[in-house]
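This is what each chain is made of:
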Amino acid sequence: MMTRSQLFMLPTLICGFAPNDYHSISSLSRNHHKPLSVLSAAINSNEDGDSNRDTLSDNSLYGPTSRFSSPDAFTESQISKIFGNCVPLSLAGRCKTNSNVDMIFLSSMEEGRIISESYIKCLQSDDDDTQHEEIDISALPIPIASSLSASAMKLLSHSYTSVPLSKSVLLSLNSLLVNRDGGLFDNLPWSTWSVDPDMKERDAANNVVDSKYAMGKRVAYQRFMGKDWQGRSISLTNMAKRLRYMLEADEESKKDSGSDDNTMLSLSQRLLELEITEATMFMAECEKNLAIANASEKDDQYEVEQLEKARARLQLAETSLGELGGTTTDNQSKSQSLVLSILDKLSEQENPPPYRGAIGYPAKLDSKKEMFEDSVLPYSSPYELLNEIISEQLNSEVIGCVLEQCSLLEGNLVVGGSLLLKRKGVERTATLAGETVSYSDDDDDYGNEGVLPRSMYVVECFSDEAIGFAMTSRLPILVQREIYERAATKDVELDVMQASNVRNETKSAESLSYLNRIPVIRLFDDIADLTTQVEGERVLSKSQSRFIRIPLTTNPSPFDGPNQVPQSSAASNGPVFSTFNPVASLDEFDTLSDDDKVRLLLKLESFKGALPRPRAVTSDPTLLDNMLVPLIDESVRRQYQIRDAERRGDFKEANALREEISPRQRALEEAQAAREAGLEERALQLEEEAELYMALRADVTQDEGSYSRFLDRDDWYERETKARIKRLDKKKFGSLLDGIDLP
């Protein structure tokens, strides 16, 4: 019977922080007189049946402060330049509020280690009467939206423990990461940073294809779905390579026998037969392309070269098969050397892929380690696989995981994640004085125009994604200092009672849930003090502005205006375009604050993009205006554009814009001039004329001619209707027209 002390004896596999000294683990084991037990199955809980994880080292885990990679001066300067001063934190624990909202707590490195060690001690105790020292820490609570909490907590738990997973388990977790709209996977620069050394993503004029036709994101998605898995490829080259490795292993162990040679010869013959089949199909394809080129009278030099290569490939395979067919096992060394030479020929790649899974290239050749070791348990979480894809496909590295303010709404403290990518150099080799030297080429963009080594790219994501990636990459979680100083930190401690319940419920190693790997935190104050306000709700007091709010990740219902009909409830016979037109003049636009502009954008049905973060607005103060101006009244937009052109000194553009003003805008400007001149009656007539032009338009926020004119009303019909209504004598109808507001 396994005791609880044996069950939870290896603390490094339960939580993300290992003890400072390995000897403390050994002394603890000797004091209890019980052997160390590897909790491999416990870490995988009921999600994986593999149990061959007892060879893990401490270095594979999310360790204490000393295990984090220290940033160099360049990295620190870039992070400070983009995000400002930051505070390094670590994941301390989790809890649920009374409203069933998941909260994760961040604390200093040392405090996080203390909480994890306390959690380990609680899980190791044999009875409920054991007294545990209660150590309180100060932690920063970060709420997770309910729509993301289930997937977020699962991914965080696997990143926290960093235990390798089998392919079947990892594939089920990958979908939780890549199927998030607007998350980390969507925002990575797949179309512009995916390396393209052979210029395959160019058109006939050598121009880069449009981003929607680029293959980078598709390749990455297919990798997450299991394509080109390490050591699992069934391509002809990898099959030949595997057979080559097996022959080398047999030769080293000196276990060769006649039956083994017969097996290897048979497998080699089968591979050559497959190669002949593929070469024949390739030659037929080349002949077809050559015939098409000749029929269209195009230059066929490339097709002729490809056909010659196909014929040479087929001839080599047939010759090798003939030589192998005449070989017997009598001369063991000769037959084995022949097999090895043939396998080497089959595993050669004329145009190897620049990264694993690249479209238009053969499958990547696996190394011996990838084929026989890494193919079993290569990754501990989807974030680790993503880190590898970023390194290979984007030729980049993540140098910082930052939590920053992501809301422009006044008084709303909302935290979002960001990863800072740095482009790596292209590794090259050169021979100097007979010695091969490796160096980094900092002038090669690797097929990506303008993306040189040391280029930076900020990838915006959710807060839990930045935390999970930081733990997987052994990076500290950097929080902007202004957030850390402004936010309401809480005094918390380990929830010993909850940890005891976990210990009692865990009857065996296999029953430890993935959620129980992260320590449960208990607040000293009432848990009701944890606010669960959503971004966009009005701030009623100064204290409310100190709490981090739940980010708005679904439809912005708090911003639905009274004059706007939601799309789902709109009648089928409603207007083609939204009639919501909140900005009536340029003066009114100038009075809008950033908070007003953000709320207005979220009310507009025509706004489909993503709001910028304060960091972006600080670097470009006109960013919100550029997003809002195309969606407001066309007369206000035209006035704004004319004023902007005059401020820039571009009077030619200002005059061109004045010549293109609409009749409605001309009437409004003349009405304003008449009122300034004291001609009130004339001003009223012109304003009435402007209202008529407004009634004619299906959408006054769009320029004239930008949509079909048949959607607008006819001018003559509207004028006749208004004139007929003016001539109407309501007294003749008695009370029939009471309550009806006629124009």
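As the structure is a prediction and not an experimental result, all values here were calculated from the model. The numbers attached to residues start from 1 for each chain and follow its sequence in the written order. Owing to the predicted nature of the model, reporting of local features is limited to residues with pLDDT of at least 70; listing and counting of side-chain atom pairs is limited to 80 or more, with chain, interface and lining totals taken over all residues. In computing side-chain values, all of the structure's heavy atoms are included and hydrogens and water are not.

With that out of the way, let us pick up unusual backbone geometry. Unlike most non-glycine residues, Tyr446 shows phi in positive territory, near 60°. Put simply, DSSP marks the helices as runs of H or I at least four residues long and the strands as runs of E at least two long, and each gets a number from the N terminus on. Secondary-structure assignment places Tyr446 in the loop between β7 (435-441) and β8 (456-461). Burial classes: relative accessible area under 20% of the type maximum marks a residue as buried, over 50% as exposed, and values in between as partly exposed (1.4 Å probe, protein chains only). Residue classification places Tyr446 among the partly exposed residues on the basis of a relative accessible area of 22%.

Attention now goes to the confidence of the model for the protein. Within a predicted model, pLDDT stands for the predictor's per-residue confidence, ranging from 0 to 100. Considering every residue of the protein, the mean pLDDT works out to 76; 74% of them sit at 70 or more. Here a residue-residue contact requires only that any non-hydrogen atoms of the pair lie within 4.5 Å. Below a pLDDT of 50 lies the segment residues 1-66, which in the model reaches 155 contacts outside its immediate sequence neighbourhood of four places, other chains included.

Mapped onto the elements, Gly357 comes out in the loop between α14 (332-346) and α15 (368-374). The sequence separation of Gly357 and Arg223 amounts to 134 residues, and the corresponding C-alpha distance is 6.6 Å. If we ignore the near neighbours within four places in the chain, the residues touching Gly357 are Val219, Arg223, Lys227 and Asp228.

Moving on to helix α7 (residues 167-178). Here the expected length of a helix is defined as 1.5 Å per residue gap, with one fewer gap than residues. In this model, α7 (twelve residues) spans 16 Å end to end at C-alpha, consistent with the 16 Å of a helix rising 1.5 Å per residue. Inspection of α7 places Lys167, Val169, Leu170, Leu173, Asn174, Leu177 and Val178 among the buried residues, and these make up the whole buried set. Along the long axis of α7, the arc covered by the buried residues comes to 150°, so they all point the same way. Elements that come into contact with the buried residues of α7 comprise α6 (146-161), α8 (184-187), α10 (216-224), α16 (382-393) and α17 (463-472). The arc in question is the one traced by the directions running from the helix axis out to the C-beta atoms.

Given a rise of 1.5 Å per residue, twelve residues ought to cover 16 Å, and the 16 Å separating the end C-alpha atoms of α16 matches this to within 8%. Restricting attention to buried positions, one finds in α16 the residues Pro382, Tyr383, Leu385, Leu386, Glu388, Ile389, Ile390 and Gln393. A positive phi of about 50° marks Asn395, the residue just after α16.

What follows is about the packing of aromatic side chains. Put simply, two rings from Phe, Tyr or Trp (the six-membered ring, in Trp's case) pair if the centres are within 6.5 Å, and we call them stacked under 30 degrees between planes, edge-to-face over 60, tilted for the rest. Scanning the model with the defined rule gives six aromatic pairs in all. Note on Phe185 and Phe224: the rings are 5.7 Å apart at their centroids and 90° apart in plane angle, and the pair reads as edge-to-face. Here Phe224 lies in helix α10 and Phe185 lies in helix α8, a separation of 39 residues in the sequence. Residues Phe185 and Phe224 agree in their burial class; the two are buried. Taking the centre distance of 5.6 Å and the plane angle of 90° together, the rings of Trp229 and Tyr379 count as edge-to-face. Of the two residues, Trp229 sits in the loop between α10 and α11 (236-253) while Tyr379 sits in the loop between α15 and α16, which places them 150 residues apart along the sequence. Taken as a pair, Trp229 and Tyr379 share a single burial class, namely buried. Grouped by ring-pair contacts, the aromatic residues Phe185, Trp190 and Phe224 constitute a single cluster. Consider the ring centre and the ring normal. A charge sits over the ring if Lys NZ or Arg CZ is within 6 Å of that centre and within 35 degrees of that normal. If you follow Arg423 out to its NZ or CZ, it ends over the ring of Trp193, 5.6 Å from the centre.

Let's shift gears to the pattern of salt bridges. For this document, the term salt bridge refers to a Lys or Arg side-chain nitrogen within 4 Å of an Asp or Glu carboxyl oxygen. Going through the model one piece at a time under the given rule, you end up with 28 salt bridges. Where Asp102 meets Lys96, a salt bridge forms, and the shortest distance between an N and an O atom there is 3.1 Å. Since its relative accessible area comes to 40%, Lys96 is described here as partly exposed. Taken together, the shared-partner salt bridges connect Asp228, Arg356, Asp366 and Glu370 into one network.

For helices, the fitted axis covers only the stretch in contact; all axes are lines through C-alpha atoms, and the angles between them, taken along N-to-C directions, range from 0 to 180 degrees. Between α16 and α17, whose axes approach to 9 Å, the crossing angle comes to 80°. What the angle tells us is that α16 and α17 run roughly perpendicular. Residues Tyr383, Glu384, Leu386, Asn387 and Ile390 of α16 form the contact with α17, whose participating residues are Asp464, Glu465, Gly468, Phe469 and Thr472. Classifying every residue of the contact of α16 with α17 gives four nonpolar, three polar and three charged. For classification purposes, an angle smaller than 35 degrees is called roughly parallel, one larger than 145 roughly antiparallel, one from 65 to 115 roughly perpendicular, and anything else oblique. Note that Gly is not counted as nonpolar here; it falls among the polar residues with everything else outside the nonpolar set of Ala, Val, Leu, Ile, Met, Phe, Trp, Tyr, Cys and Pro and the charged set of Asp, Glu, Lys and Arg.

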